Amino acid sequence: MYAERASRLPGAVVWSRVPGRPAPGADSGRAASGAGPGDPPATPVAAVLPDGCMDLLWTEGRLLVAGPDTGPYVPDEVSSGGGWAGVRFFPGTAPTYLGVPADELRDRRVELTDLWAASEVRRLAARIDAADDPVTALEDVALRRAADTEQPDPVLLDVVAALDAGRPVARTADELGLGARQLHRRSLRAFGYGPKTLARVLRLQRALALARDGVPFAETAFRAGFADQAHLARDVRELAGATLGELVARR
């Protein structure tokens, strides 16, 4: 079973998944499910779709980071009998909090010990393991980390807002006083890819939200900012590895 809620960290989402239950929709969560001896068979976890975000992940005894995706990511099943929890950071903010450029983690899942001191990671993992509510304990780790670091560059938040509103990349750069190369370089570090890819990912998420609300696909294409329904179909297939109809049905 998958659940999520708004985090106390602005713009972030906290989520959890209990193993052995039906998987959520294709864009929900970034971890893997597992079953221990005697547990009911786990339903395969659906693919994670690109959303412009990075996640801090916990499962018993482990802390990991999910980098930004450029295509569908199908989690591997793991031997852990426990569940998973995650803090999904607002696009462009995780590199500041975690201390690693997003493009170094593009399409990757890495142990947090690869990024932070192993002794500190072990201490944090043990604390979360022992907590009555590991999900909130993981969120507390993210909150303390955010309090101890500089705040994310507000210009990058403006980039997300502009592209998510459907503004062209060139116009976004001009409005923010950035050159094309400068915007691309800063986007790589913040989002893991250039602004054109970020714009496509955000447009995909807009289309999914509209389609899942029952908006006809032709109208979804128009409202989400695609040239036409064929353009929508191509982008969804390239980014999600499935058709829009399949994604809506999985919800």
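Colleague: Honestly, the sheet that holds strand S6 (residues 109-111) in this entry has me stumped. Any pointers?
Modeller: The strands making up a sheet associate through hydrogen bonds between their backbones, and the pairing can be parallel or antiparallel. Taken in spatial order, the six strands make up an open sheet running S1-S2-S5-S3-S4-S6, and their pairing is antiparallel. The strands lining the two open edges of the sheet, one partner per strand, are strand S1 (2-6) and S6. On average, adjacent strands in this sheet sit at an angle of 20° to one another, irrespective of strand direction. The sheet contact formed by strand S3 (residues 55-59) and strand S5 (residues 84-88) spans five bridges and is antiparallel. Paired with Leu-57 across the strands is Gly-86, a residue of S5. The strands that helix H2 (residues 118-130) touches are S3 and strand S4 (62-66); relative to S4, the one it contacts most, it runs at about 110°. Packed onto the sheet, helix H3 (residues 134-147) meets S1, strand S2 (13-17), S3, S4 and S5 and runs at close to 30° relative to S5.

Colleague: Explain the pattern of salt bridges to me, please; I cannot follow it from the model alone.
Modeller: Side chains that carry opposite charge are capable of pairing whenever their charged atoms lie near each other. Under the defined criterion, the tally for this structure stands at 17 salt bridges. In this structure, Asp-153 engages Arg-186 in a salt bridge whose closest nitrogen and oxygen atoms are separated by 2.2 Å. One end of the pair, Asp-153, is in the loop between H3 and helix H4 (154-164); the other, Arg-186, is in helix H6 (residues 180-191), and 33 residues separate them in sequence. Here Arg-186 falls in the partly exposed class, since its relative accessible area comes to 24%. For Glu-219, the salt bridge goes to Arg-223, with nearest N and O atoms at 3.2 Å. Pair noted here: Glu-219 and Arg-223 are both in helix H8 (residues 217-224), with a separation of four residues, about one helical turn.

Colleague: Would you explain the pairing of S1 in this entry?
Modeller: The two faces of the sheet receive side chains in turn, since in a regular strand these alternate between them. As paired strands, S1 and S2 are joined by five bridges and run antiparallel to one another. Considered in S2, the bridge of Ala-6 is made with Val-13. Between S1 and the antiparallel strand that follows it, S2, lie six residues; Gly-11 among them carries a positive phi value of about 85°.

Colleague: Just to check I follow, could you spell out the side chain of His-231 for this structure?
Modeller: Tracing the chain through its elements places His-231 in helix H9 (residues 229-240). Using a relative accessible area of 16% as the deciding quantity, one classes His-231 as buried. A polar contact is formed between the side chain of His-231 and the backbone nitrogen of Ala-227, at a distance of 2.9 Å. When sequence neighbours within four positions are dropped, the list of residues in contact with His-231 reads Arg-203 and Phe-226.

Colleague: Teacher, can you tell me more about the packing of aromatic side chains here?
Modeller: Any pair of aromatic rings gets described here by the distance separating the centres and the angle formed by the planes. Taken as a whole and judged by the stated rule, the model has two aromatic pairs. Summarising the aromatic geometry, the rings of Phe-89 and Tyr-97 are spaced 5.8 Å apart at their centres and angled 50° between planes, so their arrangement reads as tilted. For the pair Phe-89 and Tyr-97, a shared accessibility class is recorded, and that class is buried. The lysine or arginine in question, Arg-109, covers the ring of Tyr-73, its NZ or CZ lying 3.6 Å from the ring centre.

Colleague: Would you mind going over H9 with me for this structure?
Modeller: Spacing of three or four residues puts side chains on the same side of an α-helix, whose turn is 3.6 residues. Relative to the 16 Å expected for 12 residues at 1.5 Å per residue, H9 spans 16 Å between its end C-alpha atoms, a close match to the ideal helical length. Looking only at H9, the buried set comprises His-231, Leu-232, Asp-235, Val-236, Leu-239 and Ala-240. Taken down its axis, H9 places every buried residue within 130° of arc, on the same side. With a side-chain oxygen positioned 3.2 Å from the backbone nitrogen of Ala-230, the residue opening H9 is Asp-228. Positive phi shows up at Gly-241, right after H9, with a value of about 70°.

Colleague: What should I look at first to understand the nonpolar core in this one?
Modeller: Nonpolar side chains tend to gather and get buried jointly when the protein is soluble and globular. Counting residues in each nonpolar core, the largest one holds 30 residues, and the members touching the most others are Leu-63, Val-65, Phe-89, Leu-98 and Leu-138. Counting residues per element, the ones that place at least two in this core are S3, S4, S5, helix H1 (94-98), H2 and H3. Residue contributions to this core peak at six residues, all from H3. Those residues in contact with Leu-63 that sit more than four places away from it in its chain are Leu-57, Trp-58, Glu-111, Leu-112, Val-121, Leu-124, Ala-125, Ile-128 and Leu-138.

Colleague: Help me out: how do you make sense of the pairing of S4 in this one?
Modeller: When you tally the buried positions in S4, you get four out of five residues, the bulk of the element. Strand direction decides the pairing type here: S3 and S4, joined by five bridges, are antiparallel. In the strand pairing of S4, Leu-57 is matched with Leu-64. The hairpin turn running from S3 into S4, its antiparallel successor, is two residues long, and Gly-61 in that turn takes a positive phi close to 85°. Judged from the three bridges that link them, S4 and S6 form a sheet pairing that is antiparallel. Note that in S6 the partner of Ala-66 across the bridge is Arg-109.

Conventions we followed
Residues numbered from 1 in each chain as written. Predicted model: local features only at pLDDT ≥ 70, side-chain atom pairs only at ≥ 80, totals over all residues. Heavy atoms only, no water. Pairing = 2+ DSSP bridges. Helix = DSSP H or I, 4+ residues; strand = E, 2+ residues; numbered from the N terminus. Axes fitted to C-alpha atoms, helices over the stretch in contact; angles between N-to-C directions. Contact = heavy atoms within 4.5 Å. Salt bridge = Lys/Arg side-chain N within 4 Å of Asp/Glu carboxyl O. Buried < 20%, exposed > 50% of the residue type's maximum accessible area, 1.4 Å probe, protein only. Polar contact = N/O pair within 3.5 Å; in protein donor to acceptor, adjacent residues only side chain to side chain. Phe/Tyr/Trp six-rings, centres within 6.5 Å; stacked < 30°, edge-to-face > 60°. Lys NZ or Arg CZ within 6 Å of the ring centre and 35° of its normal. Expected span 1.5 Å × (residues − 1). Arc of directions from axis to C-beta. Core = buried A, V, L, I, M, F, W, Y, C linked by side-chain atoms within 4.5 Å.

In short, geometric facts, not functional conclusions.
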